Amino acid sequence: MAAKRRAEQVEETRARLIQAARAAFSGKGYAAASMDELTASAGLTRGALYHNFGDKKGLLQAVIDQIDGEILTRMREAGAREATLWDAFITEALTYIEMSLEPEVQRIMLLDGPAVLGDPSQWPNQTACLRTPADTLEALIAQGTVREVDAEAAARLVNGAALNAALWIAASDAPHEVLPRAISAFKVLMSGLRVQRDDSAAS
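First, a word on what this report is: a plain description of the structure on this page. (Residues numbered from 1 in each chain as written. Predicted model: local features only at pLDDT ≥ 70, side-chain atom pairs only at ≥ 80, totals over all residues. Heavy atoms only, no water.)

### Here's the deal with the side chain of Asp68
This is how it is decided: In this description a helix means any DSSP run of H or I spanning at least four residues, a strand means any run of E spanning at least two, and both kinds are numbered starting from the N terminus. Note on classification: 1.4 Å probe, protein chains only; a residue is buried when its accessible area is under 20% of the maximum for its type, exposed when over 50%, partly exposed between these limits. Charged-residue counts in this description rest on Lys and Arg as positive and Asp and Glu as negative, His and the chain ends being excluded. Should a side-chain nitrogen of Lys or Arg be within 4 Å of a carboxyl oxygen of Asp or Glu, the pair is scored as a salt bridge. Note on contacts: a residue pair is in contact if any heavy atoms of the two residues lie within 4.5 Å.
Tracing the sequence through the fold places Asp68 in helix 4 (residues 56-80). Although buried, Asp68 forms no salt bridge, and the nearest oppositely charged side chain, Arg76, lies 8.6 Å from it. With residues near it in sequence (within four places) discarded, Asp68 still touches Met109, Asn125 and Cys129.

This is the structure:
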């Protein structure tokens, strides 16, 4: 029981620090967020931060991991509402791109994250992010919807296109104007993956 309670306390401490960091990083930005103010707002000390995350950068990574998990959930929920696997595949990618307009995602995931942690395509969570679209593409190839193509290579290119669209939108002075341009171009790129059929054959 003591070990279980200790584990619960550790998780509670981590959750409080991540919650405080999300608010600070989103409101002030990573560079301007004070570790003393951040830990005080969580009712904890710097020692708790260092013990659980190593440093401020480690805390940022934990925040990004949490937000990324939430993004994936929202993408899958959006895809689940579609009637076909292809439509779900496209909708999930477009949902990701559209979330680049959200202030928290924009500042933490797309602006501060790359500036502090480096190239997002090299982040630890990317392996899992690639596996799902690769599996989906393999299924789409098997059902004859997508052309014969290396599924992993295509998944990397699709993810890269979506990520760079989101980064472009986040860095733009007019993100709401850039979004429809990015979505339109993305749809054209994705259409190249589909098996081409004439209308009579499709019907």
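Moving on, there is more to tell.
### Section: the nonpolar core
Among soluble globular proteins, nonpolar side chains are generally buried collectively. Filter applied, for reference: Nonpolar core, defined: a set of buried Ala, Val, Leu, Ile, Met, Phe, Trp, Tyr and Cys residues in which side-chain atoms within 4.5 Å join the residues together.
Counting 59 residues, the largest nonpolar core has Phe25, Leu38, Tyr96, Ile97 and Leu137 as the members making the most contacts within it. Sort the elements by how many residues they give to this core and helix 8 (residues 151-171) lands first, with ten residues. When residues no more than four places from it in sequence are discounted, the contact partners of Tyr96 are Ile71, Met75, Leu110, Ala162, Leu163 and Ala166.

### Notes on the pattern of salt bridges
The full count for this structure, using the stated rule, is nine salt bridges. Residues Arg131 and Glu138 are paired through a salt bridge, measuring 3.9 Å at the closest nitrogen-oxygen approach. You can call Arg131 partly exposed: its relative accessible area is 43%. A residue is classified by how much of its surface remains accessible, and Glu138, at 43% relative accessible area, is partly exposed. Taken together, the salt bridges that share partners define one network made up of Arg22, Glu70 and Glu104.

### Some words on the packing of helix 4 against helix 5 (residues 85-98)
Rules: Here the axes come from fitting lines to C-alpha atoms, over the contacting stretch only for helices, and the angles between their N-to-C directions go from 0 to 180 degrees. Orientation categories follow fixed angle ranges, with anything under 35 degrees roughly parallel, anything over 145 roughly antiparallel, 65 to 115 roughly perpendicular, and all other angles oblique. Crossings are sorted by hand: turned counterclockwise from the far helix by less than a right angle, the near helix makes the crossing left-handed, and turned clockwise it makes it right-handed. Three residue categories are used. Nonpolar comprises Ala, Val, Leu, Ile, Met, Phe, Trp, Tyr, Cys and Pro, charged comprises Asp, Glu, Lys and Arg, and polar comprises the others, including Gly.
As a packed pair, helix 4 and helix 5 sit with axes 8 Å apart at the nearest point and diverge in direction by 140°. Compared by their axis directions, helix 4 and helix 5 come out oblique. The two elements helix 4 and helix 5 meet at a crossing, and its hand is right-handed. Across the interface between the two elements, Ile71, Arg74, Met75, Arg76, Ala78 and Gly79 from helix 4 touch Ala88, Thr91, Glu92, Thr95 and Tyr96 from helix 5. Split into classes, the residues belonging to the contact of helix 4 with helix 5 amount to five nonpolar, three polar and three charged.

### Observations concerning the packing of helix 5 against helix 9 (residues 175-191)
One way to put it is that helix 5 packs onto helix 9 with a least axis distance of 11 Å and a crossing angle of 150°. Compared by their axis directions, helix 5 and helix 9 come out roughly antiparallel. The two elements helix 5 and helix 9 meet at a crossing, and its hand is right-handed. Side by side, helix 5 and helix 9 meet where Trp86, Ile90, Ala93, Leu94, Ile97 and Glu98 of the first sit next to Leu179, Ile183, Phe186, Lys187 and Met190 of the second. In terms of residue class, the contact of helix 5 with helix 9 is made up of nine nonpolar, no polar and two charged.

### A closer look at helix 3 (residues 46-53)
Note the cut-off: Directions from the helix axis toward the C-beta atoms define the arc.
When we look at burial in helix 3, the residues that qualify are Ala48, Leu49, Asn52 and Phe53. Down the axis of helix 3, the smallest arc covering the buried residues is 100°, so these residues share one side. Of the residues one or two after helix 3, Gly54 is the one with positive phi, at around 85°.

### Observations regarding the packing of aromatic side chains
For clarity, the threshold we go by: Aromatic pairs are defined between Phe, Tyr and Trp rings, using the six-membered ring for Trp, whenever the two ring centres lie within 6.5 Å; interplanar angles under 30 degrees are classed as stacked, those over 60 as edge-to-face, and all others as tilted. Distance and angle both matter: a charge sits over a ring if NZ of Lys or CZ of Arg is within 6 Å of the ring centre and within 35 degrees of the ring normal.
All told, the structure shown has two aromatic pairs when counted by the stated rule. Note on Phe25 and Tyr30: the rings are 5.3 Å apart at their centroids and 55° apart in plane angle, and the pair reads as tilted. Ring plane angle 45° and centroid distance 6.0 Å describe the contact between Trp86 and Phe89, whose orientation is recorded as tilted. Of this pair, Trp86 and Phe89 both sit in helix 5, three residues apart, which is roughly one turn of the helix. Comparing Trp86 with Phe89 shows no difference in burial state: the two are buried. Lying across the ring of Tyr30, Lys56 places its NZ or CZ 4.5 Å from the centre.

### Overview of empty space enclosed by the protein
Stated formally: The method works on a 1 Å grid over the protein atoms by themselves. A cavity is a set of points holding a 1.4 Å probe that cannot get out, a pocket is an open set with protein on both sides within 12 Å along at least five of seven lines, and residues with an atom within 4 Å of a point line them. Grid points are joined across faces, edges and corners, and a volume is the space filled by probe spheres set on the points.
Considering all chains together, one arrives at one cavity of 30 Å³ or more under this definition. Space inside the largest cavity adds up to approximately 440 Å³. Around the largest cavity sit 26 residues that line it, and Leu72, Met75, Tyr96, Cys129 and Asn159 are the ones nearest its centre. Every element with two or more residues in the lining of the largest cavity is listed here: helix 4, helix 5, helix 6 (103-117), helix 7 (126-142) and helix 8. Top element by residues in the lining of the largest cavity is helix 7. It accounts for six residues. Residues of the lining of the largest cavity, tallied by class, amount to 18 nonpolar, five polar and three charged.

By themselves, these are just geometric observations and shouldn't be taken as functional.
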